[in-house]
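Letter by letter, the chains look like this.
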Amino acid sequence: ARTLTKSSINLFIASLCCSDFLLGFSACFFQIQQLIHAYQNQGSDSDDHLVAIISCVASAPMVLGFFTSNANVFLIGVDRAMATLNPLSYKSRVTTRRAKVGVLMAWASAFVFVGIPISVSFVQMEGLVVLTYPYDLLPEQFIRYCSTPFLFLAILINASLYIIIVVYFYKVTAKVQPSSNSDVRNNRMTRMITSVVGALLLGNIPIIVVATIPATIGNQLGYLMSYHMWYDFAFLGVILPTFVNNFIYV
């Protein structure tokens, strides 16, 4: 607890770690559901209702974790921008109390943003169904006209923010050598954060694109060049950075 409340960046990293873990953990259960469903299609007597429960229960936290991760990335970007662009006033402006409020708002806003459309989707489905993809839990119109533009805008803002941080950081460090252990740790933290967040942002782009294109693309070709193949690649692009990042945080 002392380590988390020692600085704002520790709180933001812990929050990002939690959202990444939530995303990865629920993704594992969603993959289990797909394996059970595939086994069922081969003639097994698996329970359809059980598969539907696993499918919906795994999809909801997975979608929540995805949106919360993007919100946490923005908070970390703001923190590193303040630490890099204005280090003298950084500690007085980005306090742990404000960081706690920011983390709470990130999780609450993500919960509301995806919770309402998920509730609407459950009402429209009139019960639990087996989902082919986790974002099928969201209404199609919501994905096309709301979440997709929002996520692309979020990635654009985050990418611009981190580009500014990187350019200014290397410009300053090339002229001024760190004068204390605190400066060295801060520089190391900034390098690490920009690397892992950059990979995270790049990994998010394919899954957002795939979620907006028609699922019938390439069906006549079998798995090769089909929608499901592109989804599998995009899914790996999301899971691998979130999996590796947790070890880097530690």
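This text follows the structure it describes.
Rules used in this analysis
- Residues numbered from 1 in each chain as written.
- Predicted model: local features only at pLDDT ≥ 70, side-chain atom pairs only at ≥ 80, totals over all residues.
- Heavy atoms only, no water.
- Helix = DSSP H or I, 4+ residues; strand = E, 2+ residues; numbered from the N terminus.
- Buried < 20%, exposed > 50% of the residue type's maximum accessible area, 1.4 Å probe, protein only.
- Polar contact = N/O pair within 3.5 Å; in protein donor to acceptor, adjacent residues only side chain to side chain.
- Contact = heavy atoms within 4.5 Å.
- Phe/Tyr/Trp six-rings, centres within 6.5 Å; stacked < 30°, edge-to-face > 60°.

> Is there a simple way to think about the side chain of R80 in this case?
Examined against the element boundaries, R80 turns out to sit in helix α3 (residues 48-85). Using a relative accessible area of 1% as the deciding quantity, one classes R80 as buried. One polar contact links R80 to Y90, side chain to side chain, over a distance of 3.3 Å. Other than its neighbours up to four places away in sequence, R80 contacts I9, Y90, I165, N186, M189, T190 and I193.

> Can you help me understand the packing of aromatic side chains in this one?
Aromatic rings considered in pairs are described by the distance between their centres and by the relative angle of their planes. Taken as a whole, this structure holds 11 aromatic pairs when the rule is applied. Residues F66 and F67 carry aromatic rings whose centres are separated by 6.1 Å and whose planes lie at 85 degrees to one another, so their mutual orientation is edge-to-face. For the pair formed by F66 and F67, the shared burial category is buried. Judged by centre distance (6.1 Å) and plane angle (70 degrees), the ring pair of Y135 and Y231 falls under edge-to-face. Taken as a pair, Y135 in the loop between α5 (96-125) and α6 (140-175) and Y231 in helix α8 (residues 227-249) lie far apart in primary sequence, 96 residues in all. For the pair Y135 and Y231, a shared accessibility class is recorded, and that class is buried. One aromatic cluster in this structure is built from F66, F67, F113, F142 and F150.

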